[in-house]
Amino acid sequence: MSVPHEALDFERPGFFRQLLLRDWAYMALVLAVAVTAYAMYGHMMDRYDTGGLILAAGMSAWLGWFWRPWQLFSVIVAALSLFGVWLYGDDLARGESVFWLNYIGSGQAGVMWMSVMVYLSTVAYAVGLFSRSDFPYRVGGAFAWIAAGAGLMALMVRWREIYLHDPSWGYIPVANLYEVFVLMVAMIALMYLYYEQRTGQRGMGAFVMLVVAASTTFLLWYMFDRDAHMVEPLVPALDSWWMKIHVPTNFVGYGGFAIAAMLGVAYLVRHRMERTRPDSRVLARIPSKDALDGVMYKAIAIGFAFFTIATVLGAMWAAEAWGGYWTWDPKETWSLILWLTYAAWLHMRFTKGWRGPGMAWWAIIGLFVTTFTFLGVNMFLSGLHSYGEL
């Protein structure tokens, strides 16, 4: 079993002091970037935008302190995003003539690179499941990092592209299914990488990356079949600062539920192989049931917390937009069903101590409920959220 990165080298002289200096340097850098952004664009911000900037800087600094791989990752993504924005300048047409923008660093090119890296990561993790070496796992992890970085970079650059299409649009790129699927792919990959790094259980990637690859496949279909990557004006119903916090919070919840479901699949595979093929080499490469159960619980817990916050934010948004906190719109109804699904899962875990295949199946079923809440309602039902139709 591999050892988590943060468990290494604790006894090296000066190790903690070096980490502390790096942490403070990162926090200082985040603060400097936030202050610079406000100095340059503060005249264009209202109080909600200013609050969002403070919140984003605070969360990035906290995450960098709590999870140190985020520090280098966020710096690289920010640098590449700013480079792309700088290359555009004030001319959207440069996206067709500048090599970096055309093939690597534009919003659409970044999504394509993200998609390639997701598939390569999925294959590498799958190879690792049948290999005697952890090298394929490490390769899969590297591809997953690149995929997440490319996705976030693409969204940041797309934000600038939206402004260049029309300065009056200027919305944050989480306003349609194309954009939120890019966010979801990057979010699930990052959440998984966090759990992998904290637990050292790289074998989880062979299962978790499958749902990331499935999301990527839908994204590509949606992009090529529906031209979903085209930048369009914001739907009036979404022209609210609530969208900037409601949507990303929601997708942290969805990400946690997706990871838990795929770990449920891994749990069931291991449970069956322990009875039918106890000497299988593949069985030895799948994390233990205790490890899978532990991460499954943590993923559902964090997903449930964020989904609860997102639901409350959504109700507040609804009160402002439609005059009522709850209207039993199909989206709202299925959000309640989804919330109850995982509330019951956590309740049985806390109060009854339930574990095992039954809870794994429950997590898997929860993903189907999540998928219907996210996509099925938009496809088959109509309501106030009809602007999210496929």
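Keep in mind that what you see is a predicted model, and the values were worked out from it rather than measured. (Residues numbered from 1 in each chain as written. Predicted model: local features only at pLDDT ≥ 70, side-chain atom pairs only at ≥ 80, totals over all residues. Heavy atoms only, no water.)

## As for the pattern of salt bridges
- One pass over the full model with this rule turns up eleven salt bridges.
- One salt bridge in this structure joins Asp90 and Arg160, with 2.8 Å as the shortest N-O distance. Of the two residues, Asp90 is situated in the loop between α3 (69-88) and α4 (94-97) and Arg160 in helix α7 (residues 135-165); the sequence distance between them amounts to 70 residues.
- The exposed category is assigned to Asp90, whose relative accessible area is 71%.
- When salt bridges that share partners are traced, they join Asp134, Arg202 and Arg285 into one network. (Salt bridge = Lys/Arg side-chain N within 4 Å of Asp/Glu carboxyl O. Helix = DSSP H or I, 4+ residues; strand = E, 2+ residues; numbered from the N terminus. Buried < 20%, exposed > 50% of the residue type's maximum accessible area, 1.4 Å probe, protein only.)

## Some words on the nonpolar core
- The biggest cluster of nonpolar side chains holds 106 residues, and the ones touching the most others in it are Met114, Met243, Ile259, Met296 and Phe374.
- Sorting elements by how many residues they give to this core places helix α8 (residues 177-199) first, with 18 residues.
- Not counting chain neighbours up to four residues away, the residues in contact with Ile259 comprise Ile188, Met191, Tyr192, Tyr195, Val208 and Ala299.
- If you look at the next biggest cluster of nonpolar residues, it comprises seven residues, including Tyr88, Leu101, Val157 and Leu164. (Core = buried A, V, L, I, M, F, W, Y, C linked by side-chain atoms within 4.5 Å. Contact = heavy atoms within 4.5 Å.)

## As for the packing of helix α13 (residues 330-352) against helix α14 (residues 357-380)
- In contact at an axis separation of 9 Å, α13 and α14 are set at 165 degrees when each is read in the N-to-C sense. Of the possible angle classes, the one that applies to α13 and α14 is roughly antiparallel. Regarding α13 and α14, the two cross each other, and that crossing is left-handed. Residues Pro330, Lys331, Trp334, Ser335, Ile337, Leu338, Thr341, Tyr342, Ala344, Trp345, Met348 and Arg349 of α13 lie in contact with α14, whose contacting residues are Met359, Trp362, Ala363, Gly366, Leu367, Val369, Thr370, Phe372, Thr373, Phe374, Val377 and Asn378.
- Of the residues in the contact of α13 with α14, the class split is 16 nonpolar, six polar and two charged. (Axes fitted to C-alpha atoms, helices over the stretch in contact; angles between N-to-C directions. Parallel < 35°, antiparallel > 145°, perpendicular 65-115°, else oblique. Left-handed = near helix turned anticlockwise from the far one by under 90°. Nonpolar A, V, L, I, M, F, W, Y, C, P; charged D, E, K, R; others polar.)

## Some points on the environment of Tyr38
- Mapped onto the elements of the fold, Tyr38 is located in helix α1 (residues 15-41).
- Along the sequence, Tyr38 and Asp49 sit eleven residues apart, while their C-alpha atoms lie 9.9 Å from each other.
- Once you skip the residues sitting within four places of it in the chain, Tyr38 turns out to touch Met45, Thr50 and Leu53.

## Considerations on unusual backbone geometry
- Phi is positive for Asp227, close to 50 degrees, though the residue is something other than glycine.
- Relative to the assigned elements, Asp227 resides in the loop between α9 (205-226) and α10 (242-276).

## Some remarks on α8
- An ideal rise of 1.5 Å per residue puts 33 Å on 23 residues; α8 measures up with 32 Å between its terminal C-alpha atoms.
- Most of α8 sits inside the fold, with 21 of its 23 residues counted as buried.
- Two or three places before Tyr178, at the start of α8, stands the capping residue Asn176, its side-chain oxygen 3.2 Å from that residue's backbone nitrogen.
- Once α8 finishes, Gly200 follows within two positions and takes phi at roughly 75 degrees, a positive value. (Expected span 1.5 Å × (residues − 1). Polar contact = N/O pair within 3.5 Å; in protein donor to acceptor, adjacent residues only side chain to side chain.)

## Quick look at the packing of α3 against α7
- Between α3 and α7, whose axes approach to 9 Å, the crossing angle comes to 35 degrees. Handedness of the α3/α7 crossing: right-handed. Between α3 and α7, the residues in contact are Pro69, Phe73, Val77, Leu80, Ser81, Gly84, Val85 and Tyr88 and Trp145, Ala148, Gly149, Leu152, Met153, Met156, Val157, Arg160, Glu161 and Leu164, respectively.
- Here the residues of the contact of α3 with α7 are counted per class, giving 13 nonpolar, three polar and two charged.

## So, the environment of Ser81
- Here Ser81 shows up in helix α3.
- With 223 residues separating them in the primary sequence, Ser81 and Phe304 have C-alpha atoms 31 Å apart.
- Those residues in contact with Ser81, other than ones at most four positions away along the chain, are Met153, Met156 and Val157.

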